[in-house]
Each structure stands twice: as structure tokens, then as C-alpha cells.
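# Observations on the model geometry
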Amino acid sequence: MDRAHGSPLVIDCDPGVDDAIALLMALAAPELDLRGLTTVAGNVSLPEVNRNAARVLDLAGAPDDLPLVSGLDGPIARTRRVRDEPVHGEGGLGGVHLPPSKRRFHDAHAVDWLAAQALAEPGTLTLAAIGPLSNVAMMVRRHPEAAAALREVVVMGGAAFVQGNTTPAAEFNFFADPEAARLVVESGPAVRIVGLDVTRAALFPPQAAERLASMSGAAGVAGRMLDDYGRRAQARSGLAGFPVHDALAVSAVSHPRLLGWEAGQATVECAGTITCGALVADLRSPGRPRNIRMACSVDAEGFAALLSERLSGYAR
Ligand code: RIB
Ligand code: CA
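### Some thoughts on the overall build of the chain
- Each helix and strand in the chain was counted, giving twelve helices and nine strands.
- Scaling as 2.2 N^0.38, a compact globule of 316 residues should have a C-alpha radius of gyration of about 20 Å, and the chain matches this with 18 Å.
- Taking the principal axes of its C-alpha atoms as reference, the chain extends roughly 50 × 45 × 40 Å.
- Within the span of the chain, comprising 316 residues, buried residues form 59% of the whole.
- Carbon and sulfur atoms make up 53% of the accessible area of the chain, which totals about 12,500 Å².
- Charge-centre separation for the chain: the mean point of 29 positive side chains lies 1 Å from the mean point of 35 negative side chains.

### Considering the sheet that holds strand E5 (residues 152–156)
- The sheet built from nine strands is open, its strands ordered E3-E2-E1-E4-E5-E6-E9-E7-E8 with mixed pairing. The open sheet has two free edges, formed respectively by strand E3 (68–70) and strand E8 (279–282), since each of these has just one partner strand. The mean inter-strand angle of the sheet, taken between neighbouring strand axes irrespective of direction, is 30 degrees.
- The pairing of strand E7 (residues 259–268) with E8 spans four bridges and is antiparallel.

### A short note on the packing of helix H1 (residues 17–27) against helix H2 (residues 46–60)
- It is at 10 Å that the axes of H1 and H2 come closest, and there the two elements cross at 40 degrees. The angle between H1 and H2 falls in the class oblique. Both H1 and H2 take part in a crossing whose hand is right-handed. Mapping the contact onto sequence places Ala20, Leu23, Leu24 and Leu27 in H1 and Val56, Leu57, Leu59 and Ala60 in H2.
- The class makeup of the residues in the contact of H1 with H2 is eight nonpolar, no polar and no charged.

### Concerning the packing of H1 against helix H11 (residues 245–254)
- At a minimum axis separation of 6 Å, H1 and H11 run at an interaxial angle of 30 degrees. Here H1 lies roughly parallel to H11, going by the angle between them. Crossing handedness for the pair H1 and H11: right-handed. In this structure, H1 contributes Asp18, Asp19, Ile21, Ala22, Met25 and Ala26 to the contact, and H11 contributes His245, Asp246, Ala247, Val250 and Ser251.
- A class-by-class count of the residues in the contact of H1 with H11 yields six nonpolar, two polar and three charged.

Scoring rules and cut-offs
Residues numbered from 1 in each chain as written. Chains lettered and ligands numbered in written order. Predicted model: local features only at pLDDT ≥ 70, side-chain atom pairs only at ≥ 80, totals over all residues. Heavy atoms only, no water. Helix = DSSP H or I, 4+ residues; strand = E, 2+ residues; numbered from the N terminus. Rg over C-alpha atoms; globule rule 2.2 N^0.38 Å. Buried < 20%, exposed > 50% of the residue type's maximum accessible area, 1.4 Å probe, protein only. Areas by Shrake-Rupley, 256 points an atom, 1.4 Å probe, with all protein chains shown as cover. Lys, Arg positive; Asp, Glu negative; His and termini not counted. Charge placed at Lys NZ, Arg CZ, Asp CG, Glu CD. Pairing = 2+ DSSP bridges. Axes fitted to C-alpha atoms, helices over the stretch in contact; angles between N-to-C directions. Parallel < 35°, antiparallel > 145°, perpendicular 65-115°, else oblique. Left-handed = near helix turned anticlockwise from the far one by under 90°. Contact = heavy atoms within 4.5 Å. Nonpolar A, V, L, I, M, F, W, Y, C, P; charged D, E, K, R; others polar.

Right, here's the structure in full:
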């Protein structure tokens, strides 16, 4: 299947190592037709996110005219909290320094550009949101008709039945902008959530990252990013592998059968002092209103194999 017949997709991101890997996966996926990229502050500041996004598109050999659109530099209802530890390494890409990019950013704002894409082909466009949901929430608020025209929104975020990674209750993307996360999660009905519940059950082996790092081209660069990111993650978790959160969310679009899904109702805690950003999902008995589908199981080996295979394809 060539890209022209792939599923139309736009990605909202905050690169970040796992965002970078997700972009490489999306651009190497014949199942997907990546139509453009929007950026949001999150793992690093918006200027750093923009710098990293342009450079990763160059690394992936993305078309020069692939739309790259800058978005919000912080949450929609509170001041941005800066991460207190370098989860994504120096510069936000695992300490890997990519060459400066000449890519130009689109004149529009991400919120309005996303709305225009959704309205251009109603019912066909998937939005993968793999950073804080600030841009997506503002699109839902300012352009509700556009949000309704999306085929679906696949969100990397939340931790419903497992501990958070930023506080015991909250995952980073939801903690970074809880009001935005709540607005998007409740916007339903075509919202799929890929949370820590599954990303932490699909750990990538460090040996696989090392194998990639020994390769040439963008495969080797991706491996070096993952190696740094993975060492930091495993130092925190003590586990034998590490999650590549955003790559699993994009794989949920190209390979939905890698995950098991359950319908339910969800919202995000915004008023708590200790639980702010917590995803509260109700998957109990049917008959209740349902606004989301949540990934509750994952083929970890299948995901690791897909990740290794598609990234290896960048070796030169
Ligand atoms: O909690 C994981 C999420 O937060 C990922 O999207 C990662 O890139 C960070 O943004
Ligand atoms: Ca991210």
C-alpha cells in the first residue's frame, strides 16, 4: 500500500524523543498518509519543540512541503510548568544534535490549521495528539464543527488504572494541561485513549535500541535517541525495558489490532491539589453513556517488532 492510499493523519506533538520516534514511524508507514504536523509546548518550550520538529522531519526525509504549523506555547487555563528533570535529555532529543533545518513554518496558527484540515474532508482525517492537548482543546472550543468533522482523535495520555508518571495520579500530557485534556476527553465520541495503562505494558528492549544505534542513517540516530531516553527511563523505573509512548499511539492508528479497546466514559480531574490531571475512566457495566474507547491491552512483542522493523528501514 503506498502512502497515497494510507489513512489521512495529522499529528500534534511536542518533540521529545518518543514524539520523534512517532514521526519517523508515521512517515515510514504505508498505512498512513501524514498530511501535516502541529506543535505544542510540553516536553520542552515551544521554540525548542519547533526546532526539534523541523529537524526530525529533515532526518526522516519528509517532503519539503509537508505542512509544519506552530501552536500554543502553554496550557489553556494555567501557567506552564517546566519539567523538573530532563526526561528527554539535553535539547529534548536524547542529547542528539541534528543539523539546523531550513523548513518554513506555516503562517496559520495550529488551532485554525487543524480545523481547516478537518473541514476540508469531513469524516476522513485522524488527529493523533501526542503532547499536551492545548491546541486540540482550543480547536474543539473555537471550531466545534471542525472537531465533529474529524474521523477520530487518538490521544497519547492519561493513566486510568496505573500510577501516573508525573504525579502518582497523573500522566505528563494530562498534567501539563488538565483543562485541555478534560475538554478533549469529554468532546467525544470519536476519542481513543492510549495511556500509560498500555504504554507501560509494551516496553521496548534496550538491546533493540542498541541494535538500531549501530545502524547507519536515521535508523542509527533514532537508536541513539532511544538509547539515551531508555537509560533515563529505566534508571527511574528499574524495569528491563522502557515505554515509547507516542510511537504506540501512532501505531494505534496504523495497526489498531495491536491493542485491545474498551468503551466507557471518562473525564479529567482539574480541581484536585493532589490528583490534578488524573484520568478518571468508567468502564463498568454497559448501559452508561460512553464518550471514549480506551486501550486496555497490548501486543507488546508485536509493537516492539513493528518499531524495530520500521526504524531499521531508515538505515542507509
Ligand atoms: O507521558 C508521556 C507523554 O508525555 C509523551 O507524549 C511524552 O512525549 C511526553 O509528552
Ligand atoms: Ca509527546
